[in-house]
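# Structural features, examined
The lines below spell out each chain.
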Amino acid sequence: MKEMKIFIEGMSCAHCIKRVSQALEEAGVTEADVKIGEANIIFDETKTNLDKIAKALEEAGYKLKN
């Protein structure tokens, strides 16, 4: 399991937090503590990776900051 903090562009409200949480779950993230503009996540590297997470966020209307 890998734990990391990611930063997310485009978030501004509680609705954004819910959408990002759902996108992260769909991308295979095991645990996520989402706040506006960031999230602490835990995921299994054998099941998902940052590319998949970034794609899920983009599909939800947000962007992973580098």
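This text gives an overview of the structure that appears in the document. Note that the structure is predicted; figures quoted are calculated from it, not measured.

### Description of helix α1 (residues 14–26)
Taking 1.5 Å per residue as the helical rise, α1 with its 13 residues ought to reach 18 Å, and the 19 Å between its terminal C-alpha atoms agrees with that figure. Those residues of α1 lying buried are Cys16, Val20, Ala23 and Leu24. The arc enclosing the buried residues of α1, seen along the axis, measures out at 100°, which places them on a common side. Pointing more than 90 degrees away from the buried face of α1 are the exposed residues Ala14, Lys18, Glu25 and Glu26. Tucked inside the fold, the buried residues of α1 contact β1 (2–9), β2 (29–35), β3 (38–43) and α2 (50–59). Just downstream of α1, glycine 28 is the residue with a positive phi angle, here 100°.

### Looking at the packing of α1 against α2
Each packed pair of helices is defined by two parameters, the angle between the axes and the distance between the axes. Between α1 and α2, the shortest axis-to-axis distance is 9 Å and the interhelical angle comes to 140°. When the axes of α1 and α2 are compared, the pair comes out oblique. For the pair α1 and α2, the sense of crossing is right-handed. Contacts between α1 and α2 involve Arg19, Val20, Ala23 and Leu24 from the former and Ile53, Ala56, Leu57 and Glu59 from the latter. Considered class by class, the residues forming the contact of α1 with α2 number six nonpolar, no polar and two charged.

Criteria and thresholds
Residues numbered from 1 in each chain as written. Predicted model: local features only at pLDDT ≥ 70, side-chain atom pairs only at ≥ 80, totals over all residues. Heavy atoms only, no water. Helix = DSSP H or I, 4+ residues; strand = E, 2+ residues; numbered from the N terminus. Expected span 1.5 Å × (residues − 1). Buried < 20%, exposed > 50% of the residue type's maximum accessible area, 1.4 Å probe, protein only. Arc of directions from axis to C-beta. Contact = heavy atoms within 4.5 Å. Axes fitted to C-alpha atoms, helices over the stretch in contact; angles between N-to-C directions. Parallel < 35°, antiparallel > 145°, perpendicular 65-115°, else oblique. Left-handed = near helix turned anticlockwise from the far one by under 90°. Nonpolar A, V, L, I, M, F, W, Y, C, P; charged D, E, K, R; others polar.

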